[in-house]
Amino acid sequence: MPTMAACHAEGKSAVVAVVDRGGNLIALQRDNSVGPHNTDAAVRKAFTALSTKTPTRKLADIARANPDSNNLNTVNDLLLIGGGVPLKFGNKET
């Protein structure tokens, strides 16, 4: 998986989660050294990127800068920290 290889090239361990259009987990790969909370976070970041069609780091920045968007932190299934990205195939979001 290219994402895992990119993390390993930077000397980092990782969890990669992919959700379908309905937000259901369809693929997960994790390094043995990561804690179980990282797996949950990866799934929530994937869901957040899908749901908002926005990279989670950008969404976190928006929520921090805009008081009207800060309440996004209170939505249980959303996780506003970097690492989640919407997937695209060509010009179409998947």
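Above: the structure in question.
Computed from a prediction, not measured in an experiment: that's the story for all the values here.

*Asks:* Would you mind showing me how to read the overall build of the protein here?
*Replies:* A count of helices and strands for the protein gives three helices and four strands. The linear arrangement of helices and strands in the protein, starting from the amino end, is α-β-β-α-α-β-β. For 94 residues, the compact-globule estimate of 2.2 N^0.38 gives 12 Å, and the protein sits close to it at 14 Å. When its C-alpha atoms are laid out on the principal axes, the protein stretches across 40 × 30 × 25 Å. When each of the 94 residues of the protein is scored for burial, the buried share is 30%. Put simply, of all contacts in the protein between residues at least 6 apart along the chain, 49% involve residues at least 24 apart. For the protein, the accessible area works out to roughly 6300 Å², and carbon and sulfur atoms hold 52% of it. Averaging the positions of the 11 positive and the 8 negative side-chain charges in the protein gives two centres separated by 4 Å.

*Asks:* For this particular structure, what's the right way to read the layout of surface pockets?
*Replies:* Considering only enclosed or pocket space, the largest pocket measures out at about 820 Å³ in volume. What lines the largest pocket is a set of 32 residues, and nearest its centre among them are Val16, Ala17, Gly83, Gly84 and Val85. At the level of elements, α1 (2–9), β1 (15–19) and α2 (36–52) are the ones that each hand at least two residues to the lining of the largest pocket. Top element by residues in the lining of the largest pocket is α2. It accounts for seven residues. For the lining of the largest pocket, the residue count by class is 20 nonpolar, six polar and six charged.

*Asks:* What should I look at first to understand helix α3 (residues 56–65) in this one?
*Replies:* Residues spaced three or four apart along an α-helix face the same direction, because each turn holds 3.6 residues. For α3, the full list of buried residues reads Thr56, Leu59, Ala60 and Ala63. Angularly, the buried residues of α3 cover 100° about the axis, an arc narrow enough to put them on a single face. Of the residues in α3, the exposed ones pointing more than 90 degrees away from the buried face are Arg57, Lys58 and Ala65. Considering only its buried residues, α3 is in contact with α2.

*Asks:* Can you walk me through the side chain of Ser69 in this structure?
*Replies:* Inspection of the secondary structure assignment puts Ser69 in the loop between α3 and β3 (88–89). According to the relative accessible area criterion, Ser69 is buried, its value standing at 16%.

*Asks:* Looking at this structure, how should I read the side chain of Thr56?
*Replies:* On the secondary structure map, Thr56 appears in helix α3. Once you skip the residues sitting within four places of it in the chain, Thr56 turns out to touch Lys45, Thr48, Ala49, Leu79, Leu80, Ile81, Gly82, Gly83 and Gly84.

*Asks:* Sorry if this is basic, but what is going on with the pairing of β1 here?
*Replies:* Buried residues dominate β1, accounting for four of its five residues. Pairing of β1 with strand β2 (residues 25–30), which is carried by five bridges, proceeds in the antiparallel orientation. Each residue of the ladder has a partner; that of Val18, found in β2, is Ala27. Taking the residues that link successive antiparallel strands as the turn, the β1-β2 hairpin has five residues, and the phi of Gly23 there is positive, at about 85°.

Basis of the calculations
Residues numbered from 1 in each chain as written. Predicted model: local features only at pLDDT ≥ 70, side-chain atom pairs only at ≥ 80, totals over all residues. Heavy atoms only, no water. Helix = DSSP H or I, 4+ residues; strand = E, 2+ residues; numbered from the N terminus. Rg over C-alpha atoms; globule rule 2.2 N^0.38 Å. Buried < 20%, exposed > 50% of the residue type's maximum accessible area, 1.4 Å probe, protein only. Contact = heavy atoms within 4.5 Å. Areas by Shrake-Rupley, 256 points an atom, 1.4 Å probe, with all protein chains shown as cover. Lys, Arg positive; Asp, Glu negative; His and termini not counted. Charge placed at Lys NZ, Arg CZ, Asp CG, Glu CD. 1 Å grid on protein atoms, 1.4 Å probe; cavity = no way out; pocket = protein on both sides within 12 Å on 5 of 7 lines; lining within 4 Å. Points joined across faces, edges and corners; volume = space filled by probe spheres on them. Nonpolar A, V, L, I, M, F, W, Y, C, P; charged D, E, K, R; others polar. Arc of directions from axis to C-beta. Pairing = 2+ DSSP bridges.

By themselves, these are just geometric observations and shouldn't be taken as functional.
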